[in-house]
Amino acid sequence: MKEQSARRRVFDILERDLPGDRTADFVHYFLIGTVLLSVTGAVLATVQSLEIRDAWWFRVGEFCGLLIFTVEYGFRLWVAPEHPLRRGMSNTRARLSYMLTVPALIDLIAILPWFVALATDFDPHALLVLRLVRFLKLARYSSGFNALYLAIRRERYALLSCLIILCSGVLMSATAMYLTERNVQPDKFGSIPLAMWWSITTLTTVGYGDVVPVTNLGRVIGGLTMISGLMMLALPIAIIAGSFAEVISKHNFVVTFSMIARLPPFSDLDAPVLGDILPVLHSRSYDRGHHVVRRGEEAAHLFVVLEGRVEMESPDGIRSLGPGEVFGLLPGHTKPDPATVRAVAKTKILSIEENELYMLALRHPDVIGRLSELHPDVKPETDVPAA
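Thresholds, definitions, all that
- Residues numbered from 1 in each chain as written.
- Predicted model: local features only at pLDDT ≥ 70, side-chain atom pairs only at ≥ 80, totals over all residues.
- Heavy atoms only, no water.
- UniProt positions renumbered as here; feature names shortened; annotations may be inferred.
- Helix = DSSP H or I, 4+ residues; strand = E, 2+ residues; numbered from the N terminus.
- Polar contact = N/O pair within 3.5 Å; in protein donor to acceptor, adjacent residues only side chain to side chain.
- Contact = heavy atoms within 4.5 Å.
- Buried < 20%, exposed > 50% of the residue type's maximum accessible area, 1.4 Å probe, protein only.
- pLDDT = per-residue confidence, 0-100.
- Axes fitted to C-alpha atoms, helices over the stretch in contact; angles between N-to-C directions.
- Parallel < 35°, antiparallel > 145°, perpendicular 65-115°, else oblique.
- Left-handed = near helix turned anticlockwise from the far one by under 90°.
- Nonpolar A, V, L, I, M, F, W, Y, C, P; charged D, E, K, R; others polar.
- Phe/Tyr/Trp six-rings, centres within 6.5 Å; stacked < 30°, edge-to-face > 60°.

Under an unreviewed UniProt entry, the chain has the name Cyclic nucleotide-gated ion channel and belongs to Xanthobacter aminoxidans. As stated in UniProt under Subcellular location (unreviewed entry), the record for the chain gives "Membrane".

Encoded structure:
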């Protein structure tokens, strides 16, 4: 029991999910600083004029960084059974499951080069580039990386369509150039695969100039390919940029499984249910005195207080709401009376949009039931069936 309590505490520190945990904050920023110093050292070590590769202080620094990352990896492996998604798993299975995740693989690759160099005669400097993978460890702490991942994931089908269109453009332009230039430049356009190199560099607007058409018809095809490339590249850029901007506006801090599993409405839920809830949660931070909802605004979201405290001013009076408490819209209930909700301290709030809320009600009505029990102002509908 004591070991499990210690393991839980280490998990809380590494995940940094408890508000006001100074130890977790210190470890968080210490690891970020270590990553930045390690990556900076690996980059500067490639500059021959600095001659720092064999310096004793560089070796000591590299060893300290390796030791810190190895201890971190070991602790993350040890506390893996505490993750909400691995509830019900044996300790061994939970740790194996964690080892196959992308963050765990990045952590492993970050420490692997040095151990490979120690175990073999391989030149450690040749593995220096792999140490730069440590920079990807920052993705665990960055809301920007998380937002980019969510943006790409949301638009994956549209981006796949753009990739298919781009591949079609490469094939068609390469075929046209092969038919036009194969007899004039057989060494460069003698086959469709050879012509694809020109097609790819032209469609992507890189244009190395190592392969160019020489016939008039070939130049016309080249011009059309360039124009097509601009349009083809504009599509995925616009899709990602629009989705990224939308995600950033809705997520300004990273929401983790363990973070929501601590809240009363979502505690003790099975891993698949948590997996359905996490993508629909939007996160916003509010400074003291800022409005979350203004009087007269239509209730189109359900809000859950994650950290801090808010005050709700309604016709019934003023009510203070803290972590785990909910307010706003709920399916199957009348819309709450108009109220002003403002943060009375620095507050983090999770919200679910109306359409996503109704979809959640259809898939997991028990979750909506939990939220209803915690909602202070819901009034059951008499003429609209609950979800």
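*Asks:* I keep staring at the side chain of Thr 215 and nothing clicks. Help me out?
*Replies:* Topologically, Thr 215 is positioned in the loop between helix 10 (192-203) and helix 11 (216-250). Engagement of the side chain of Thr 215 in a polar contact is seen with the backbone nitrogen of Gly 218, the distance being 3.0 Å. Beyond its immediate stretch of four places on either side in the chain, Thr 215 contacts Thr 180, Glu 181 and Val 184.

*Asks:* Looking at this model, I keep getting lost on unusual backbone geometry. Mind explaining?
*Replies:* Apart from glycine, the bulk of residues carry a negative phi angle, and the bulk of peptide bonds sit in the trans form. Even without glycine at this site, Thr 205 takes up a positive phi of about 60°. Along the chain, Thr 205 falls in the loop between helix 10 and helix 11. A residue is classified by how much of its surface remains accessible, and Thr 205, at 44% relative accessible area, is partly exposed.

*Asks:* Looking at this structure, I do not really get the confidence of the model for the chain. What am I missing?
*Replies:* Note that predicted coordinates carrying low pLDDT should not be read in detail. Residues at a pLDDT of 70 or more form 91% of the chain, whose mean pLDDT is 83. pLDDT under 50 marks residues 380-387. Its contacts with residues more than four places away, or in other chains, come to 10 contacts.

*Asks:* What is the right way to look at the packing of helix 1 (residues 2-15) against helix 3 (residues 56-78) in this model?
*Replies:* Axes are the key here: two packed helices are described by the angle between their axes and the distance separating the axes. Interhelical geometry of helix 1 versus helix 3 gives an angle of 125° and a closest axis separation of 9 Å. Between helix 1 and helix 3, the angle is such that the two are oblique. Judged by the sense of rotation from one axis to the other, the crossing of helix 1 with helix 3 is left-handed. Contacts between helix 1 and helix 3 involve Glu 3, Ala 6, Arg 7, Val 10, Leu 14 and Glu 15 from the former and Phe 75, Arg 76 and Trp 78 from the latter. Of the residues assigned to the contact of helix 1 with helix 3, the class counts are five nonpolar, no polar and four charged.

*Asks:* Explain the packing of aromatic side chains to me, please; I cannot follow it from the model alone.
*Replies:* Both the distance between ring centres and the angle between the ring planes are used here to describe each pair of aromatic rings. The full count for this structure, using the stated rule, is five aromatic pairs. A ring pair is formed by Phe 26 and Phe 30, whose centres lie 6.0 Å apart and whose planes are at 15°; its orientation type is stacked. Of the two residues, Phe 26 and Phe 30 both sit in helix 2 (residues 22-44), four residues apart, roughly one turn of that helix. Here Phe 26 falls in the exposed class, since its relative accessible area comes to 58%.

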